[in-house]
Amino acid sequence: MKSFHFFALLSLALAFSFASAFDPSPLQDFCVAIPEPKNAVFVNGKFCKNPNLTVAEDFFFPGLNVPGNTGNRVGSNVTLVNVDKLFGLNTLGISLARLDFAPNGGLNPPHTHPRATEILVVVEGTLYVGFVTSNPNRLFTKILYPGDVFVFPIGLIHFQFNIAKTNAIAFAGLSSQNPGVITIANAIFGPNPPINPDVLAKAFQLDNDEVVKLQKLFANA
């Protein structure tokens, strides 16, 4: 009997640990997000609008037909539609993004989504894409053309790079209402406050002066 109780408790603990690792499963048709009520405790997610007050506009977002501005240092733009922009996504575990790339090298730099797998479809142009596995690091790459689809597993570093002389457009679905993004170069060289240059110099085998130069560059990004 004791062993039965032990395994029962172990199974329950494992169930809770797995259940808390991803977006919660909805317990009703929808839970349209509303601003945090005064003095309420913020938990993982949003507070729900009264279903009787919900309207079609809560599930609508316009404008993904409009190209994003790629006139920046990396030559790309990501228009993310997550729960903060489309309140009806709350508890549904998905979000969407439009990715625009400038010709000749527009880049969505190496980054990760800590809470989401990404599935990407190219609708215009030619993209060189890839991701890197956890240690030991292995690189998977592919050249994508219109209609091609590629998947980036959750949490892994990945990128998209326009190798054509024309603009490129892609759309990405993400398995979280709020996938998050950590752009590697910005996170390493541009956090506030900055990481001690001695740490980065040793980690990347660079001179301190080179590290300081990069920190100044990304601090202004």
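What counts as what
Residues numbered from 1 in each chain as written. Predicted model: local features only at pLDDT ≥ 70, side-chain atom pairs only at ≥ 80, totals over all residues. Heavy atoms only, no water. UniProt positions renumbered as here; feature names shortened; annotations may be inferred. Pairing = 2+ DSSP bridges. Helix = DSSP H or I, 4+ residues; strand = E, 2+ residues; numbered from the N terminus. Axes fitted to C-alpha atoms, helices over the stretch in contact; angles between N-to-C directions. Buried < 20%, exposed > 50% of the residue type's maximum accessible area, 1.4 Å probe, protein only. pLDDT = per-residue confidence, 0-100. Contact = heavy atoms within 4.5 Å. Patch = residues over 30% accessible without salt bridge, like charges linked within 9 Å, V, L, I, M, F, W, Y side chains within 5 Å. Areas by Shrake-Rupley, 256 points an atom, 1.4 Å probe, with all protein chains shown as cover. Salt bridge = Lys/Arg side-chain N within 4 Å of Asp/Glu carboxyl O. Polar contact = N/O pair within 3.5 Å; in protein donor to acceptor, adjacent residues only side chain to side chain.

- The name an unreviewed UniProt entry gives the protein chain is Germin-like protein, with Hevea brasiliensis as the organism.
- One UniProt comment on the protein chain, placed under Subcellular location (unreviewed entry), says "Secreted, Extracellular space, Apoplast".
- In its Sequence similarities (unreviewed entry) section, the UniProt entry covering the protein chain states "Belongs to the germin family."

1. Looking at the sheet that holds strand 3 (residues 76–81)
Now for step 1: Strands sit in the order 3-4-11-6-9 across an open sheet of five strands; the sheet is antiparallel. Both edges of this open sheet fall to strand 3 and strand 9 (149–152), since each of them pairs with a single strand only. Each adjacent strand pair in this sheet contributes to an overall mean axis angle of 20°, direction not counted.
Now for step 2: Where strand 4 (residues 95–101) and strand 11 (residues 168–174) come together, seven bridges link them in antiparallel fashion. Paired with aspartate 100 across the bridge in strand 11 is isoleucine 169.

2. Notes on the pairing of strand 4
Now for step 1: Among the seven residues in strand 4, six count as buried, and that is most of the element.
Now for step 2: Across six bridges, the pairing between strand 3 and strand 4 is antiparallel. If you follow asparagine 77 over to strand 4, its bridge partner there is aspartate 100.

3. Concerning the confidence of the model for the protein chain
Now for step 1: When pLDDT is averaged along the protein chain, the result is 89, and 84% of the positions lie at 70 or above.
Now for step 2: Segment residues 6–20 is flagged for pLDDT under 50; beyond a separation of four residues in sequence, or across chains, it makes zero contacts in the model.

4. Details of a nonpolar patch on the surface
Now for step 1: Taken together, the side chains of Ile143, Tyr145, Phe161 and Ile163 define a hydrophobic patch exposed on the protein surface, amounting to about 340 Å² of accessible area.
Now for step 2: Summarising the element assignment, isoleucine 143 is placed in strand 8 (residues 139–144).

5. Section: the pattern of salt bridges
Now for step 1: Scanning the model with the defined rule gives three salt bridges in all.
Now for step 2: Note that aspartate 58 and lysine 49 form a salt bridge whose closest N and O atoms lie 3.0 Å from each other.
Now for step 3: Judged by its relative accessible area of 22%, lysine 49 falls in the partly exposed class.
Now for step 4: For the salt bridge of aspartate 100 with arginine 98, the shortest nitrogen-to-oxygen distance reads 2.9 Å. Across this residue pair, the class does not change: aspartate 100 and arginine 98 are buried.

6. A word on helix 3 (residues 197–204)
Now for step 1: At the N-terminal end of helix 3, a side-chain oxygen is found 2.8 Å from the backbone nitrogen of aspartate 198, two or three residues along, and the residue is asparagine 196.
Now for step 2: Directly beyond the C-terminal end of helix 3, a positive phi value near 55° is found at glutamine 205.

7. Focus on the sheet that holds strand 12 (residues 182–183)
Now for step 1: Taken together, the five strands give an open sheet; going across it, the order is 8-7-10-5-12, and neighbouring strands pair in antiparallel fashion. Two strands lie at the open edges of the sheet, namely strand 8 and strand 12, each paired on one side alone.
Now for step 2: In this sheet, strand 10 (residues 157–162) lies alongside strand 5 (residues 107–112) in antiparallel orientation, the contact comprising three bridges. Bridge pairing in strand 10 links asparagine 108 to glutamine 160.

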